[in-house]
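# Observations on the model geometry
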Amino acid sequence: MSTLYQSPRIIIREFLPQEQQTFLGLFEDNQVTQYLPYASPERYLEMFNELLENYEKKNLSRWAIFDTTNNNFIGMCVARVFVHNTNQIEIGYVLSRAYWGKGVATEVCKAITQYSFANTATKEVVAITDLDNTGSQNVLQKAGFERLNNLIRNEEEIAYFKIERPLV
């Protein structure tokens, strides 16, 4: 099991095969999924199987986030090639409600952004949110992302953010 990031507060690591229920349980809270595109329970199960395959192939994937103080499951984060522009890496996260508003999302965004720059050749990491999801928009701006013009996806407008690879 490989660890992507660890701080005194959180660890981001690969999901273990036996953590399937933990992953699926995250999406059972309607407030957690409020701003996510609809996915069926079957689709969430597929996502879990895909993330395990991605680990084997050393591809970008979804990872688990745990609280290092009590080992509670916090949520998951993702880095993937952006469907609207394959030169960009898209990041995202889903946190359980107990961890909202505690700065965890900002830390996760920074960690997954650094991981994307360190492990791919991309010059830009992007993120998208529902237009009403002001919490995540604030998180992205705190993590150094710049808001661009909205994108249209499936005839719906979404907020679009970008951060550029730091010049060394």
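Residues numbered from 1 in each chain as written. Predicted model: local features only at pLDDT ≥ 70, side-chain atom pairs only at ≥ 80, totals over all residues. Heavy atoms only, no water.

## Points about the overall build of the chain
- What the chain contains, in helices and strands, is five helices and eight strands.
- Taken from N to C terminus, the helices and strands of the chain fall in the order β-β-α-α-α-β-β-β-α-β-α-β-β.
- Here the chain has a C-alpha radius of gyration of 15 Å; the compact-globule value for 168 residues is 15 Å, and the two agree.
- Taken over the C-alpha atoms alone, the chain extends approximately 40 × 35 × 30 Å along its principal axes. (Helix = DSSP H or I, 4+ residues; strand = E, 2+ residues; numbered from the N terminus. Rg over C-alpha atoms; globule rule 2.2 N^0.38 Å.)

## Describing the packing of aromatic side chains
- Enumeration over the complete set of coordinates arrives at nine aromatic pairs.
- Aromatic side chains Phe15 and Phe48 sit 5.8 Å apart centroid to centroid with 75° between the ring planes, which places their arrangement in the edge-to-face category. One end of the pair, Phe15, is in the loop between strand S2 (10-13) and helix H1 (20-26); the other, Phe48, is in helix H3 (residues 41-57), with 33 residues separating them in the sequence.
- Taking the relative accessible area as the measure of exposure, Phe15 reaches 2% and is therefore buried. (Phe/Tyr/Trp six-rings, centres within 6.5 Å; stacked < 30°, edge-to-face > 60°. Buried < 20%, exposed > 50% of the residue type's maximum accessible area, 1.4 Å probe, protein only.)

## Considering unusual backbone geometry
- The phi dihedral of Asn154 is positive, around 50°, even though this residue is not glycine.
- Residue classification places Asn154 among the exposed residues on the basis of a relative accessible area of 69%.
- The backbone phi angle of Glu155 is positive, close to 60°, even though this residue is not glycine.
- Relative to the elements of secondary structure, Glu155 occurs in the loop between strand S7 (146-153) and strand S8 (156-164).
- Classification of Glu155 as exposed rests on a relative accessible area of 81%.

## Regarding the environment of Phe48
- When its relative accessible area of 0% is taken as the criterion, Phe48 is described as buried.
- With 101 residues separating them in the primary sequence, Phe48 and Asn149 have C-alpha atoms 32 Å apart.
- Contact partners of Phe48, with chain neighbours within four places excluded, come to Phe15, Leu16, Pro17, Glu19, Gln20 and Phe23. (Contact = heavy atoms within 4.5 Å.)

## A closer look at the pairing of S8
- Note: strand S6 (residues 124-130) against S8, seven bridges, orientation antiparallel. Paired with Thr129 across the two strands is Ala159, which belongs to S8.
- Across six bridges, the pairing between S7 and S8 is antiparallel. Paired with Leu148 across the bridge in S8 is Tyr160. (Pairing = 2+ DSSP bridges.)

## Overview of the sheet that holds strand S3 (residues 62-67)
- Here we have eight strands laid out as an open sheet, ordered S1-S2-S3-S4-S5-S6-S8-S7, and mixed in their pairing. At either end of the open sheet lies a strand with only one pairing partner, and these are strand S1 (3-6) and S7. The sheet shows a mean angle of 25° between the axes of neighbouring strands, taken without regard to direction.
- When strand S4 (residues 73-81) meets strand S5 (residues 88-95), the two strands line up antiparallel, connected through seven bridges. The partner of Val81 across the bridge, within S5, is Ile89.
- The sheet contacts of helix H5 (residues 134-142) involve S5, S6, S7 and S8, and relative to S6 the element is tilted by about 160°. (Axes fitted to C-alpha atoms, helices over the stretch in contact; angles between N-to-C directions.)

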